[in-house]
Amino acid sequence: MLEPMSSICFCCILLGETVQPDTIEGGLFILAGAALIGYSTPIRPGASEKYFRDMWARFFQALHAL
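As the structure is a prediction and not an experimental result, all values here were calculated from the model. (Residues numbered from 1 in each chain as written. Predicted model: local features only at pLDDT ≥ 70, side-chain atom pairs only at ≥ 80, totals over all residues. Heavy atoms only, no water.)

Caption draft 1: Just the overall build of the protein chain, in detail. Looking only at helices and strands, the protein chain has three helices and zero strands in total. Counted from the first residue to the last, the protein chain has its helices and strands arranged as α-α-α. When the 66 residues of the protein chain are sorted by exposure, 3% land in the buried category. Here the protein chain has roughly 6100 Å² of accessible surface; of this, 69% comes from carbon and sulfur atoms. (Helix = DSSP H or I, 4+ residues; strand = E, 2+ residues; numbered from the N terminus. Buried < 20%, exposed > 50% of the residue type's maximum accessible area, 1.4 Å probe, protein only. Areas by Shrake-Rupley, 256 points an atom, 1.4 Å probe, with all protein chains shown as cover.)

Caption draft 2: Here's a closer look at a nonpolar patch on the surface. Together, Tyr51, Phe52, Met55, Trp56, Phe59 and Phe60 make up an exposed nonpolar region whose accessible area comes to about 670 Å². Mapping Tyr51 onto the fold places it in helix α3 (residues 47-64). (Patch = residues over 30% accessible without salt bridge, like charges linked within 9 Å, V, L, I, M, F, W, Y side chains within 5 Å. Salt bridge = Lys/Arg side-chain N within 4 Å of Asp/Glu carboxyl O.)

Caption draft 3: Fine view of helix α1 (residues 3-14). In this model, α1 (twelve residues) spans 16 Å end to end at C-alpha, consistent with the 16 Å of a helix rising 1.5 Å per residue. Looking one or two places after α1, you find Gly16, whose phi comes out positive at around 70 degrees. (Expected span 1.5 Å × (residues − 1).)

Caption draft 4: Geometry of the state of the cysteines. In this structure the tally under the stated criterion is zero disulfides. Looking at Cys9, it has no disulfide partner, and the nearest cysteine sulfur is the one in Cys12, 6.6 Å off. Here Cys11 is not disulfide-linked; the sulfur of Cys12 is the nearest cysteine sulfur, at 6.9 Å. (Disulfide = S-S within 2.5 Å.)

Caption draft 5: Structural view of the environment of Ala34. Considering the arrangement of structural elements, one finds Ala34 in helix α2 (residues 21-40). It is 8.4 Å that separates the C-alpha atoms of Ala34 and Leu2, two residues lying 32 residues apart in sequence.

Next up, the structure:
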């Protein structure tokens, strides 16, 4: 979600474009959305490890059938 913000910064720094108020407002909406997603998602300990373990088990299960 920081890609749009970085493109705005690169345009200002490298191309010398001026920042419009609408651009700043849009950037704030992007950052607010990223913050809301980051804080609203509950973090469960071990969730990513369980996901990858299940994916590997499915992958190897298909190979064992051969």
